[in-house]
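Survey of secondary and tertiary structure
Below are the chains, spelled out letter by letter.
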Amino acid sequence: MATSLEIRRIVLQLPTATSVEKLAILIHAVFDKLFSVSKKHTINNCYPTALKIWNKINNSEFPNEIKRQ
């Protein structure tokens with residue numbers, strides 16, 4: 001389960017994620033840096049979470065966020 005530190009790092013870098021794939025890479029990088037998870041979890045493990053975040057941002061469930069084109 002993510003703590004506020006991981007969430008904060010991911011949120012701060014969200015503007016750099018221009019696709020679901022890049023967001024999955026970003027999530028993986030944050031968790032790998034903090035917990036050295038790369039041997040246990042691949043980027044593919046991060047894809048479902050990345051997709052949920054991406055869909056919420058793009059479906060205006062965060063009204064103050066700009067939709068990505």
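Fair warning: this is a prediction, and the values are worked out from it, not measured in the lab.

Focus on the overall build of the protein
A tally of helices and strands in the protein yields three helices and zero strands. In the protein, the order of α-helices and β-strands from amino to carboxyl end is α-α-α. Across the 69 residues of the protein, 26% fall into the buried class. Restricting the contact set of the protein to residue pairs at least 6 apart, pairs at least 24 apart contribute 46%. Looking at the protein as shown, the accessible area adds up to about 5200 Å², and 58% of this sits on carbon and sulfur atoms.

So, the packing of helix 2 (residues 20–35) against helix 3 (residues 43–58)
Any two packed helices are characterised by the angle at which their axes cross and by the distance between the axes. Following both chains from N to C, one finds helix 2 and helix 3 inclined at 120°, their axes separated by 8 Å at the closest point. Relative to helix 3, helix 2 is oriented oblique. At the point where helix 2 passes helix 3, the crossing takes the right-handed sense. Residues V20, E21, L23, A24, I25, I27 and H28 of helix 2 touch helix 3, and the partners they reach there are I43, C46, Y47, T49, A50, L51, I53 and W54. Of the residues contributing to the contact of helix 2 with helix 3, the split by class is 12 nonpolar, two polar and one charged.

Considering the packing of helix 1 (residues 4–13) against helix 2
The contact between helix 1 and helix 2 brings their axes to 10 Å, and the two run at 140°. As helix 1 packs across helix 2, the resulting crossing turns out to be right-handed. Residues L5, E6, R9, I10 and Q13 of helix 1 form the contact with helix 2, whose own contacting residues are L26, I27, V30, F31, K33, L34 and F35. Split by residue class, the contact of helix 1 with helix 2 holds eight nonpolar, one polar and three charged.

Section: the side chain of N58
Within the secondary structure layout, N58 lies in helix 3. Taking the relative accessible area as the measure of exposure, N58 reaches 16% and is therefore buried. At a separation of 2.9 Å, a polar atom in the side chain of N58 contacts the main-chain carbonyl oxygen of W54.

Calculation criteria
- By convention here, each chain's residues receive numbers from 1 onward along its written sequence.
- With the structure being a predicted model, the display of local features is reserved for residues of pLDDT at least 70 and the display and counting of side-chain atom pairs for 80 or more, all residues being used for whole-chain, interface and lining totals.
- Remark: hydrogens and water are excluded; side-chain values derive from all non-hydrogen atoms of the structure.
- Per the convention used, a helix needs a DSSP run of H or I reaching at least four residues, while a strand needs a run of E reaching at least two, with both numbered from the N terminus.
- Residue burial is assigned from relative accessible area. The probe radius is 1.4 Å, only protein chains are included, and a residue is buried under 20% of its type maximum, exposed over 50%, and partly exposed in between.
- In what follows, residue pairs with any heavy atoms lying within 4.5 Å of each other are defined as contacts.
- For the area figures, the Shrake-Rupley method with a 1.4 Å probe applies, and any residue is considered shielded solely by the protein chains shown.
- Axis definition: a line fit to C-alpha positions, over the contact stretch in the case of helices; interaxial angles, taken between N-to-C directions, run 0 to 180 degrees.
- The scheme is simple: roughly parallel for angles under 35 degrees, roughly antiparallel for over 145, roughly perpendicular for 65 to 115, oblique for anything else.
- It is the rotation of the near helix from the far one that decides the hand of a crossing: anticlockwise by less than a right angle makes it left-handed, clockwise makes it right-handed.
- In this count, Pro and Cys sit with the nonpolar residues alongside Ala, Val, Leu, Ile, Met, Phe, Trp and Tyr, while Asp, Glu, Lys and Arg are called charged and the others, Gly among them, polar.
- N or O atoms closer than or at 3.5 Å make up a polar contact, with two conditions inside protein: a donor-capable atom paired with an acceptor-capable one, and, for residues adjacent in sequence, both atoms drawn from side chains.

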